[in-house]
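# Inside the fold
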Amino acid sequence: MNGPGRRPQTTIFTTMSALAQRHDAVNLGQGFPDESGPAHIIEAAATAMREGRNQYPPLAGIPELRQAITAHQQHWYGLAPDPDEGVTVTAGATEAITAAMLALVDPGDEVIALEPSYDSYKAAVTMAGGTLVPVRLDAPAFRLDTARLAAAVTERTKVLLINSPHNPTGTVLHRAELEAIAALAVERDLLVVTDEVYEHLVFDGREHVPLASLPGMWDRTVSIGSAGKTFSVTGWKIGWATGPADLIARVKDVKQWLSFASGTPFQYGIATALASGEEFYRDYIAGYQERRDLMVAGLRGIGFDVYEPEGTYFVTTSVAPFGYEDGMRFCLELPERCGVVAIPTQVFYLGEQEARPEVRFAFCKQLEVIEEGLKRLGAGLA
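Quick look at the structure, then. Predicted model only: the values in this text are computed from it and were never measured. (Residues numbered from 1 in each chain as written. Predicted model: local features only at pLDDT ≥ 70, side-chain atom pairs only at ≥ 80, totals over all residues. Heavy atoms only, no water.)

### Description of the sheet that holds strand β3 (residues 110-115)
- Strand order across the open sheet formed by seven strands is β2-β8-β7-β6-β5-β3-β4, with mixed pairing between neighbours. A strand with exactly one partner marks an edge of an open sheet, and here the two such strands are β2 (87-91) and β4 (131-136). Neighbouring strand axes in the sheet, compared pairwise and without regard to direction, differ in orientation by 25° on average.
- Across five bridges, the pairing between strand β5 (residues 157-163) and strand β6 (residues 191-195) is parallel. Across the sheet, isoleucine 162 pairs through a bridge with threonine 194, a residue of β6. (Pairing = 2+ DSSP bridges. Helix = DSSP H or I, 4+ residues; strand = E, 2+ residues; numbered from the N terminus. Axes fitted to C-alpha atoms, helices over the stretch in contact; angles between N-to-C directions.)

Written out as structure tokens, the structure reads:
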């Protein structure tokens, strides 16, 4: 909470959105699609509304969605969370993360997360009275140093908070990296919370391996997913947490004091969405890989140093070739200079936000929007 005389902080996304409007800029900063979800999913939610399914759902979510989540986990990963005791539906993945931290972290506990990290992690851990300990993924490879991760564990470490595919770098953790994380969790008896909202956005034939599927991990892992990214309905805010009954019960105990429940007709829509055939997912990945390739090639052609992402919506670049060592300054000047918005990745680091040359661009946009953004960048940075 804000103390006396303390003004609430404005997030970088609020700042950049205001600059985008002021300069009529192409917004390649925020990670939401500029097109709606598939028609059959929209119609399923609309049908639920018309049929009067507009009141509170059960705390854990409607049975149809919990069963669909279980079937999805079983089909793709061989996991079988109990739809009654091992699944809870949340108001987006951010609520699931927050509820998990409040449920599992006690005052004084430490939570290790990969850095850079999604900005809500620190807030959630802080609200629980814990301390977020970063383990940095170094540019330009942004790969996990498993020895560094092990060295960060102390007697106060309670939870590993692992995000893969990783926002903002686009790294997809390899099986060997995940196996090292699992071995560490088992050896040190740690709980694990996994943020897997980009689970289906992996490119070039890579695979997403849930930590919960590895030996010794099911009983200690809360896995978090979301429909927003996979089905282009981020505004519906339908996420979930899955795992062993005892851990999910603790998450539900907290969730009842947050949103309690939300989005009844949208839950019916996502139950339909998760039953989409494999062709949907193949087309989805292919479409985003085309956008990634367009963005990567275009940014390289303009002169950026580009770190090609293995997954997610995002491309990380260095703006050092343009004479900038401070990505924040670059991004604040960019809307007026080029008519484009990007996000400085230094906002995803803990502590004092030291100047860094990395900048994140989002390619979850229509091809013509990406092309227009690249055209403006090329002209403005020439």
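Let's pick the thread back up.
### As for helix α1 (residues 12-22)
- Along α1, the residues that are buried comprise Ile12, Phe13, Met16, Leu19 and Ala20. One side of α1 carries all its buried residues, which in axial view fall inside an arc of 125°. Exposed residues lying more than 90 degrees from the buried face of α1 are Gln21 and Arg22.
- For α1, the elements touching its buried residues are β1 (26-27), α12 (327-338), β11 (340-341), β12 (343-344) and β13 (358-362).
- Among the residues trailing α1, aspartate 24 stands out with phi positive, at a value near 50°. (Buried < 20%, exposed > 50% of the residue type's maximum accessible area, 1.4 Å probe, protein only. Arc of directions from axis to C-beta. Contact = heavy atoms within 4.5 Å.)

### A few points about the packing of α12 against helix α13 (residues 367-381)
- The N-to-C vectors of α12 and α13 enclose an angle of 95°; their axes lie 10 Å apart at closest approach. The orientation of α12 relative to α13 falls into the category roughly perpendicular. Across from Phe330, Leu334, Arg337 and Cys338 in α12, the residues of α13 making contact are Arg376, Leu377, Gly380 and Leu381.
- Residues that form the contact of α12 with α13 fall into these classes: five nonpolar, one polar and two charged. (Parallel < 35°, antiparallel > 145°, perpendicular 65-115°, else oblique. Nonpolar A, V, L, I, M, F, W, Y, C, P; charged D, E, K, R; others polar.)

### Focus on empty space enclosed by the protein
- Summed over all chains, the structure comprises three cavities of 30 Å³ or more.
- A volume near 60 Å³ is recorded for the largest cavity.
- In terms of lining, the largest cavity is formed by Ile162, Asn163, Ser164, Leu178, Thr194, Asp195, Glu196, His208, Val209, Pro210 and Leu211.
- Taken together, the elements giving at least two residues each to the lining of the largest cavity come down to β5 and β6.
- Of the residues belonging to the lining of the largest cavity, the class tally is five nonpolar, four polar and two charged.
- Put simply, the second largest cavity is a space of about 50 Å³.
- Forming the boundary of the second largest cavity are Gln73, Glu196, Glu199, Ser223, Ile224, Gly225, Trp240 and Thr242.
- Residue assignment for the lining of the second largest cavity shows that the elements contributing at least two residues are β7 (221-226) and β8 (238-242).
- Looking at which element gives the most residues to the lining of the second largest cavity, the answer is β7, with three residues. (1 Å grid on protein atoms, 1.4 Å probe; cavity = no way out; pocket = protein on both sides within 12 Å on 5 of 7 lines; lining within 4 Å. Points joined across faces, edges and corners; volume = space filled by probe spheres on them.)

### A closer look at the sheet that holds β12
- Within the open sheet, the four strands sit side by side as β9-β10-β13-β12. Their pairing is antiparallel. At either end of the open sheet lies a strand with only one pairing partner, and these are β9 (305-307) and β12.
- The sheet contact formed by β12 and β13 spans two bridges and is antiparallel. Along β13, the bridge assignment pairs proline 344 with valine 359.

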